[in-house]
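Each chain, written out:
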Amino acid sequence: ILRGNRWPELIAGGCTLVSVLVAYVAFSHRALSLDESFTLLFATMPWASFTSHIQHTHTPDVALTAYYLLMRAWHAFTGPSAVAFRVPSMIFGSCAAIVLYYIARRLFDRWVAAIATSVFVCNAMWLVFATNARAYTLVLFLALVSTLLFLEVVSTRSSVVAALAYSAAVGL
């Protein structure tokens, strides 16, 4: 039935899909928490207030600013639904699981990658953060991408493109 023995990928992908669905059903319909309300605040405040706050923050965070810009666009596209507001976190959490799979596969093998990804997505904290309208899963995703790119830079030693991509990922 399966060509090329794709069981590890199916296991990791299946666990990720089931975990996202469980997280969506179990957690996404709750009201926004106080922490999430800050994301909503930044997604809905007037542009002048938003840019003023970003400019006057003592420690400007590029990833957080990018996340707020994304959430502003997402909110304009989807509207005020708390469920829709959490979807980007679910997407970034799922993408983080995929990148984790590739890191583990690169360092070990496909079966270790499948087990690592499955354990990761079944973790209760991952489920909570993947359904929280905050930048946690974006930061995790960027950290994992930078790790994967670092492994690429170290293993090839000559890839300028990988080195530049790694620098950009770390800079975010």
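Details of the structure are given in the entry above.
Caption draft 1: Structural context of helix H1 (residues 7-27). The end-to-end C-alpha distance of H1, which contains 21 residues, comes to 29 Å, matching closely the 30 Å that a straight helix rising 1.5 Å per residue would cover. Of the surrounding elements, those touching the buried residues of H1 are helix H5 (82-107), helix H6 (110-121) and helix H7 (124-130).

Caption draft 2: Examining the packing of aromatic side chains more closely. For the structure shown, the criterion picks out 8 aromatic pairs. Residues Phe42 and Tyr68 carry aromatic rings whose centres are separated by 4.4 Å and whose planes lie at 25 degrees to one another, so their mutual orientation is stacked. Remark: Tyr68 occurs in helix H4 (residues 62-78) and Phe42 occurs in helix H2 (residues 34-44); sequence separation between them is 26 residues. Judged by its relative accessible area of 8%, Phe42 falls in the buried class. Between Phe129 and Tyr136, the aromatic rings sit 5.0 Å apart at their centres with planes inclined by 65 degrees, giving edge-to-face as the arrangement. Looking at Phe129, the relative accessible area reads 31%, which means it is partly exposed. These aromatic residues form a ring-pair network of at least three members: Phe42, Tyr67 and Tyr68.

Caption draft 3: Layout of the nonpolar core. Residues Phe50, Tyr67, Phe120, Trp126, Phe141 and Leu144 are the most contacted members of the largest nonpolar core, which totals 30 residues. If you list the elements that add at least two residues to this core, you get H1, H2, helix H3 (47-55), H4, H5, H6, H7 and helix H8 (136-156). Top element by residues in this core is H5. It accounts for 7 residues. Not counting residues within four places of it along the chain, the set of residues in contact with Trp126 comprises Ser19, Val20, Gly93, Ser94, Phe120 and Val121. In this structure, Ala12, Ala104, Ala113 and Ala114 belong to the second largest nonpolar core, which totals 5 residues.

Caption draft 4: Layout of a nonpolar patch on the surface. On the surface, a cluster of nonpolar side chains totalling about 410 Å² of accessible area is made up of Trp7, Leu10, Ile11 and Trp111. By residue number, the principal contributor to the nonpolar patch is H1, which donates 3 residues.

Caption draft 5: Representation of the layout of surface pockets. Taken as a whole, the largest pocket encloses approximately 170 Å³ of empty space. Lining the largest pocket are Arg6, Glu9, Ala12, Gly13, Thr16, Ala97, Ile98, Tyr101, Tyr102, Arg105 and Thr117. Mapped by element, the contributors of at least two residues to the lining of the largest pocket are H1 and H5. Among the elements that make up the lining of the largest pocket, the one with the highest residue count is H5 (5 residues). Among the residues forming the lining of the largest pocket, the class breakdown is 5 nonpolar, 3 polar and 3 charged.

Analysis parameters
Positions within a chain are numbered from 1, following the residues in the order the chain's sequence is written. It should be noted that, the model being predicted, local features are given only for residues of pLDDT at least 70 and side-chain atom pairs only at 80 or more, the latter also being counted only at that level, while totals for whole chains, interfaces and linings use all residues. Excluded from the side-chain calculations are hydrogens and water; all other atoms, namely the structure's heavy atoms, are used. Runs of H or I in DSSP of at least four residues are treated as helices and runs of E of at least two as strands, each being numbered from the N terminus. The span expected for a helix works out to 1.5 Å for each residue beyond the first. A contact between two residues is defined here by any heavy atoms of the two lying within 4.5 Å. Stacked, tilted and edge-to-face pairs are distinguished by plane angle, under 30 degrees for stacked and over 60 for edge-to-face with tilted covering the rest, among Phe, Tyr and Trp rings (Trp via its six-membered ring) whose centres lie within 6.5 Å. Burial classes follow relative accessibility: with a 1.4 Å probe on protein chains only, a residue under 20% of its type's maximum area counts as buried, one over 50% as exposed, and anything between as partly exposed. Joining through side-chain atoms within 4.5 Å is the link that ties buried Ala, Val, Leu, Ile, Met, Phe, Trp, Tyr and Cys residues into a set, and such a set is a nonpolar core. Only residues whose relative accessible area exceeds 30% and that take part in no salt bridge are eligible for patches, with like-charged residues grouped when within 9 Å of each other and nonpolar side chains (Val, Leu, Ile, Met, Phe, Trp, Tyr) grouped when within 5 Å. Calculation of accessible area relied on Shrake-Rupley with a 1.4 Å probe; when residues are assessed, cover is drawn exclusively from the protein chains displayed. Salt bridges, as used here, are contacts in which a Lys or Arg side-chain nitrogen is within 4 Å of a carboxyl oxygen on Asp or Glu. Using protein atoms alone on a 1 Å grid, points that fit a 1.4 Å probe yet trap it form a cavity, whereas open point sets bounded by protein on both sides within 12 Å along at least five of seven lines form a pocket; residues with an atom within 4 Å of a point count as lining. Grid points are joined across faces, edges and corners, and a volume is the space filled by probe spheres set on the points. As a working rule, the residues Ala, Val, Leu, Ile, Met, Phe, Trp, Tyr, Cys and Pro are called nonpolar, Asp, Glu, Lys and Arg charged, and the rest polar, with Gly in that last group.

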